[in-house]
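The chain contents come next:
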Amino acid sequence: NPDLTGQIGKSVPPIMLQAIEKDILKAFDPETGERIPAKKIFTWKAKTDSVPEFDANGNISKTVAVKNVLDPTAITQIRIFQDWDFDIVTGKFNPQVKWVELLFEVKTSTGMFIGFQSYCRIFY
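Residues numbered from 1 in each chain as written. Predicted model: local features only at pLDDT ≥ 70, side-chain atom pairs only at ≥ 80, totals over all residues. Heavy atoms only, no water.

## Notes on helix α1 (residues 12-21)
The condition is simple: For the exposure calls, accessible area comes from a 1.4 Å probe over protein chains only, and a residue counts as buried if that area is under 20% of its type's maximum, exposed if over 50%, partly exposed in between. Numbering of helices and strands starts at the N terminus; helices are DSSP runs of H or I of at least 4 residues and strands are runs of E of at least 2. Each direction from the helix axis to a C-beta atom contributes to the arc, which is the arc of those directions. The criterion used for residue contact is that any of the two residues' heavy atoms lie within 4.5 Å.
Of the positions making up α1, those classed as buried are P13, M16, L17, A19 and I20. Down the axis, α1 shows its buried residues gathered within 160 degrees of arc, on one side only. Packing partners of the buried residues in α1 comprise β1 (27-28), β5 (75-87), β6 (92-107) and β7 (113-123). Where α1 ends, the next residue or the one after it, D23, has phi of about 65 degrees, a positive value.

## Section: the layout of surface pockets
Quick note on the threshold: Buriedness of a pocket was judged along seven lines, with at least five required to meet protein on both sides within 12 Å; pockets are open sets of points on a 1 Å grid over the protein atoms alone, cavities are sets where a 1.4 Å probe fits but cannot get out, and lining residues have an atom within 4 Å of a point. Grid points are joined across faces, edges and corners, and a volume is the space filled by probe spheres set on the points.
The volume enclosed by the largest pocket comes to roughly 440 Å³. Taken together, 18 residues make up the lining of the largest pocket; nearest its centre are W44, K45, A46, F104 and Y119. A per-element tally of the lining of the largest pocket places β7 first, with 3 residues.

## Thoughts on the pattern of salt bridges
Condition: Any Lys or Arg side-chain nitrogen found within 4 Å of a carboxyl oxygen on Asp or Glu counts as a salt bridge.
Under the definition given, this model contains 8 salt bridges. Notably, a salt bridge pairs E101 with R79, separated by 3.0 Å at the nearest N-O pair. Taken together, the residues span a long stretch of sequence, with E101 in strand β6 and R79 in strand β5 at a distance of 22 residues. Assessed through its relative accessible area of 2%, E101 is described here as buried. In this structure, K98 engages D83 in a salt bridge whose closest nitrogen and oxygen atoms are separated by 3.4 Å. Taken as a pair, K98 in strand β6 and D83 in strand β5 lie far apart in primary sequence, 15 residues in all. The class of D83 is partly exposed, set by a relative accessible area of 39%.

## Some words on the nonpolar core
Note the following rule: Throughout, nonpolar core names a set of buried Ala, Val, Leu, Ile, Met, Phe, Trp, Tyr and Cys residues whose side chains join them through atoms within 4.5 Å.
By size, the foremost hydrophobic cluster in this structure holds 17 residues, and its most contacted members are L17, I20, I41, Y119 and C120. Every element with two or more residues in this core is listed here: α1, β6 and β7. Tallying contributions element by element places α1 first for this core, with 4 residues. When sequence neighbours within four positions are dropped, the list of residues in contact with L17 reads I41, F42, L70, P72, I75 and L102.

## Digging into the side chain of D29
Put simply, the rule reads: Here a polar contact is taken to be a pair of N or O atoms separated by no more than 3.5 Å, where protein atoms must pair a possible hydrogen donor with a possible acceptor and residues adjacent in sequence count only if both atoms sit in side chains.
Tracing the backbone shows D29 in the loop between β1 and β2 (35-36). Since its relative accessible area comes to 4%, D29 is described here as buried. In this structure the side chain of D29 is engaged in a polar contact, spanning 3.0 Å, whose partner is the backbone nitrogen of T32. Among the polar contacts listed, one links the side chain of D29 to the side chain of K45, at a separation of 2.8 Å. Beyond its immediate stretch of four places on either side in the chain, D29 contacts E34, I36, W44 and K45.

## As for the packing of aromatic side chains
For clarity, the threshold we go by: Paired rings are identified among Phe, Tyr and Trp, the last through its six-membered ring, by centres lying within 6.5 Å, and are further divided according to the angle between planes into stacked (under 30 degrees), edge-to-face (over 60) and tilted (the rest).
Tallied over the entire structure, the rule returns 7 aromatic pairs. Where F28 meets F123, the ring centres are 5.4 Å apart and the plane angle is 70 degrees; that geometry is what we call edge-to-face. Taken as a pair, F28 in strand β1 and F123 in strand β7 lie far apart in primary sequence, 95 residues in all. With a centroid separation of 5.1 Å and 55 degrees between ring planes, the pair formed by F86 and F93 is classed as tilted. With relative accessibility at 45%, the residue F86 sits in the partly exposed group. Residue classification places F93 among the exposed positions, given a relative accessible area of 51%.

This is how it looks when you write it as structure tokens:
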């Protein structure tokens, strides 16, 4: 498909996140089941920081709330949930994908890796 040639060489998670942002794929919060709005996929449940804005003299004019944006390279794993049926006649398993989850690494404040957490769920 010529439309897909621009994706050659890219990692799967950024491609999926772009498809979610363009509303081609639908993403859901894995904990609540709530649909994630397409335009908010990179800021969903992101932490908010208070950032000072300065005037021309270097004085703080006001404080602005800024959401941290998800770096697509932070999604390092994909978890695939599927059902498998066994066909007795052919002796073969038939897998059916139910959903895919995009996972990111969870680390302690000291940087020690403690596991993975699901960022979003995509049903098929």
